[in-house]
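Listed below, chain by chain, are the residues.
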Amino acid sequence: MKKKKVLIHSNFCKALTGFGKHSKNILIHLQKTGKYDLVEFCNGKKWGDPSLKNLPWKCEGSLPNDPNLLKKLNQDPSLARSAGYGSETIDKIIEKERPDVYIGIEDIWAFSGYTEKSWWNKINCMVWTTLDSLPILPDAVKSAPKIKNYYTWASFAQKSLNEMGQDHVKTLRGSLDASNFNKLEERKKLELRQKNSIGTEDFVIGFVFRNQLRKSVPNLLEGFKVFCEKNPKTEAKLLLHTHWGEGWDIPRLIKEKGIDPKKILTTYFCTKCREYEVKSFLGENLDCKLCNSKKSQVTTSTKGGVSESQLNEIYNLMDVYCHPFTSGGQEIPIQEAKLCELITLVTNYSCGEDCCVEEACSLPLSWTEYREPGTQFIKASTSPESICSQLRKVLSMSEKKRENMGKLARDFVLKNYSVEVIGKQLEQIIDEMPIVSWDFDFKTEDRDPNYIPQETDDDEEWIIDIYKNILKVETNKSEEGLKHWISRLNSDMDRDGVLKYFRSVAEKENKENKKIELSDILDKDDEGRRLLVVMPERIGDVYLTTSLLINIKKQYPELNIYFATQPKYFEVLDGNPYVHKCIPYHDSLANLLLMEGEGAHQGYFEITFIPFVGTQRIINFTHNAKDKIQFELCT
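Just so it is clear, the model here is predicted, and its values are computed rather than measured.

### Side note on the overall build of the protein chain
Reasoning step 1: The helix and strand inventory of the protein chain stands at 22 helices and 23 strands.
Reasoning step 2: Each of the three principal axes of the protein chain carries a C-alpha extent, and together these read 100 × 60 × 55 Å.
Reasoning step 3: Put simply, the protein chain has 635 residues, and 53% of those count as buried.
Reasoning step 4: Partitioning the intrachain contacts of the protein chain with sequence separation of at least 6 by distance along the chain shows that 63% fall at a separation of at least 24.
Reasoning step 5: Split by element, the accessible area of the protein chain, about 30,200 Å² in all, is 48% carbon and sulfur.

As structure tokens, then:
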């Protein structure tokens, strides 16, 4: 039987991110079944990247590899962001691979506009997304009826959407490879502490996180400070496994709160020997004492960091794990810590609710509500007093109680988050989907540079309107592109200037998206009697090339001469008696083997002249009718 082709669209499987880890787990699990033809479509990598060729499955990057297009996209933060999620290449990969199943695993805004694609729901489309706050993002609600297979990583989001009448939305948690994380023997843990100059009696509180503003670092530092004040006899240390070069200015916060910097530890990773060292923060680009490399030690980040086995050791340096945050889609480090049998302190909001149920054996952290400006999302400000109180509770626990809670916590993750469990659930979903019969056309939606925006005094509504109706891009009030253009309207541009830019982008994209179908352009009654001359630009070169046409026609009187150039230069050729027809230039017309044919492929033209190139990279001297060629055109 034919295997179902499954296209997985997410972070690159080797990326050190939550999505990246999850993608790797799922791809490996599905590959092991042998049931599917897998294709990975990875964000953050360019189309055609040679580094993607050495994986067990087919892999392609989602970023365009055209530097000119990337330069244009980077002029607009919203377009650049959507391109990073694959907006410029999604149709290309779908048309090329023709999957039976498309699974998008990203934040919901990564799929903006997808539900309007010509292929959407003509193949089996599944969105497996992280929603992190209430009320649910309007775009996630609006698109729900068009997403037949809609899965969230956390149950609070499913409950909210179900209450709105979207009963088909279900929860499918992010996966973990449980084999990577476990509690080490006491002897090994003591060795690790000694290696990293951590005392055997130190009470180490850990937090593994990407240094984003939604991670409640100020609250944790305040809670840690209060804990130290109330437990002066305890040698407490706070281990922040994160990158100190983004997000929160942690050294400044430590200084503001009057905390001894020696009590705050972090993980340094050597880019040369790839070993790690846990110590107090001393800046970036330190010398590595382990391999003597200069300026090679950096704090761990998504671009480079410890392996899973090394991360497991770092968890085992901790006595307790504390994860305060404003909101989150799943927060995978919570489950990793539980697999290491640590007691976890978790903010009881958003995805944290799933890890604060009784069987999860967490200690919930209380919080107060605040609203995010603009979106008005409910966010959690975790109580420092609650952090202190729960840390003191763990400190006073007997060793036996800690062990029992740790074992139950690990069992909870194995039953609810392990890749074996989640992978089986995903298999069932895929297996119930039908194989697709590809009997529909692929068309890129034209941009509309002539659209007249609706009249409104609200700049946000006006920009959202022109994004949607001129560039055919869905945006919302939280996106950077919208904020960028609001800022420009308030500083150096007026609406006419913004509209002119959007229209120019629309015209350029229409031109780039338009595919030349030679069979539709060429005359039907002169097959076998065609000759092509290619001179895309400039006007002077096009004009000079016409001086050669008389000799070409004299040499090949039986062939109709087609002249390929930019349409704006057609007027130079109007009335030329030797030109049978002008056709718009496209890069494929400079491919001599494609135009004339090679092997079993029958070309469109008997002879093709490409005088604007003269390199070995682009062939312009091999022709089918070799016995007829008496000269070559040159630049």
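Still to come is the rest of the account.
### Remarks on the sheet that holds strand 18 (residues 530–534)
Reasoning step 1: Taken together, four strands build an open sheet; the order of strands is 20-19-18-23 and the sheet is parallel. Single-partner strands in this sheet number two, and they are strand 20 (581–584) and strand 23 (607–609). The average angle at which neighbouring strand axes cross in this sheet is 25 degrees, direction not considered.
Reasoning step 2: Judged from the three bridges that link them, strand 18 and strand 23 form a sheet pairing that is parallel. Residue pairing in the sheet places Leu531 in a bridge with Ile607 of strand 23.

### What about the packing of helix 8 (residues 217–230) against helix 12 (residues 384–396)?
Reasoning step 1: Running from N to C, helix 8 and helix 12 point in directions that differ by 50 degrees, and their axes come no closer than 8 Å. Classed by the angle they form, the pair helix 8 and helix 12 counts as oblique. Regarding helix 8 and helix 12, the two cross each other, and that crossing is right-handed. The residues of helix 12 that touch helix 8, namely those facing Asn219, Leu220, Glu222, Gly223, Val226, Phe227 and Lys230, are Pro384, Ile387, Cys388, Leu391, Arg392 and Leu395.
Reasoning step 2: Of the residues assigned to the contact of helix 8 with helix 12, the class counts are eight nonpolar, two polar and three charged.

### Concerning the environment of Phe609
Reasoning step 1: Structurally, Phe609 is set in strand 23.
Reasoning step 2: With a relative accessible area of 1%, Phe609 lands in the buried category.

### Remarks on the pattern of salt bridges
Reasoning step 1: Tallying each qualifying case throughout the model produces 32 salt bridges.
Reasoning step 2: A salt bridge links Lys379 to Asp132; its shortest N-O distance comes to 3.9 Å. On the criterion of sequence distance, the pair formed by Lys379 in strand 17 (residues 378–382) and Asp132 in the loop between strand 5 (124–129) and helix 5 (138–143) is long-range, its members being 247 residues apart.
Reasoning step 3: The salt bridge involving Arg447 is made with Glu509; its shortest N-O contact spans 2.5 Å.

### Concerning a positive patch on the surface
Reasoning step 1: On the surface, Lys508, Lys511, Arg538 and Lys568 cluster together into a patch of positive charge.
Reasoning step 2: Relative to the assigned elements, Lys511 resides in helix 17 (residues 495–513).

### Here we look at the packing of aromatic side chains
Reasoning step 1: Here the structure, examined in full by the defined rule, presents 21 aromatic pairs.
Reasoning step 2: On the basis of an interplanar angle of 55 degrees and a centroid distance of 5.7 Å, the ring pair of Trp119 and Trp120 is categorised as tilted.
Reasoning step 3: Residue Trp119 is classed as buried on the basis of its relative accessible area, which comes to 0%.
Reasoning step 4: Classification of Trp120 by relative accessible area gives buried; the value is 7%.
Reasoning step 5: Positioned over the ring face of Tyr417 is Arg173, at 5.1 Å from the centre of the ring.
Reasoning step 6: When the ring centre of Tyr268 is taken as origin, the NZ or CZ atom of Lys279, which lies over that ring, is 5.1 Å away.

Rules behind the numbers
- Here the residue index of a chain counts from 1 through its sequence in written order.
- Per-residue local features of the predicted model are confined to residues with pLDDT of at least 70, and side-chain atom pairs are confined, for both listing and counting, to 80 or more; whole-chain, interface and lining totals are unaffected and use all residues.
- Side-chain descriptors were evaluated using all non-hydrogen atoms of the structure, hydrogens and water having been removed beforehand.
- Think of it this way: any DSSP run of H or I at least four residues long counts as a helix, any run of E at least two long counts as a strand, and we number them from the N terminus.
- Between buried and exposed lies partly exposed: a residue is buried under 20% and exposed over 50% of the maximum accessible area for its type, with that area taken using a 1.4 Å probe on protein chains only.
- Any two residues having at least one pair of non-hydrogen atoms within 4.5 Å are treated as being in contact.
- Where accessible areas are quoted, they stem from the Shrake-Rupley method and a 1.4 Å probe; at the residue level, only the protein chains shown are allowed to cover.
- Strand pairing follows a simple DSSP-based rule, namely that at least 2 bridges must link the two strands.
- Note on method: axes are straight lines fitted to C-alpha atoms, helices fitted across the in-contact stretch only, with angles between N-to-C directions ranging 0 to 180 degrees.
- Here is the rule for angles: anything less than 35 degrees is roughly parallel, anything more than 145 is roughly antiparallel, 65 through 115 is roughly perpendicular, and the remaining ranges are oblique.
- Here a crossing is called left-handed whenever its near helix is offset anticlockwise from the far helix by less than a right angle, and right-handed whenever the offset is clockwise.
- Amino acid classes used here: Ala, Val, Leu, Ile, Met, Phe, Trp, Tyr, Cys and Pro are nonpolar; Asp, Glu, Lys and Arg are charged; the rest, including Gly, are polar.
- Salt bridges, as used here, are contacts in which a Lys or Arg side-chain nitrogen is within 4 Å of a carboxyl oxygen on Asp or Glu.
- Patch definition: residues with relative accessible area over 30% and no salt bridge; like charges joined within 9 Å; nonpolar side chains (Val, Leu, Ile, Met, Phe, Trp, Tyr) joined within 5 Å.
- All tallies of charge rest on Lys and Arg as positive and Asp and Glu as negative; His and the ends of each chain are not included.
- The location of each charge is read from NZ of Lys, CZ of Arg, CG of Asp or CD of Glu.
- Only the six-membered ring of Trp is used, alongside the rings of Phe and Tyr, when aromatic pairs are assigned; centres must lie within 6.5 Å, and planes under 30 degrees apart are stacked while those over 60 apart are edge-to-face, with the rest tilted.
- Lysine and arginine charges are scored as sitting over a ring when NZ or CZ, respectively, is within 6 Å of the ring centre and within 35 degrees of the ring normal.

Shape descriptors only; they carry no functional weight alone.
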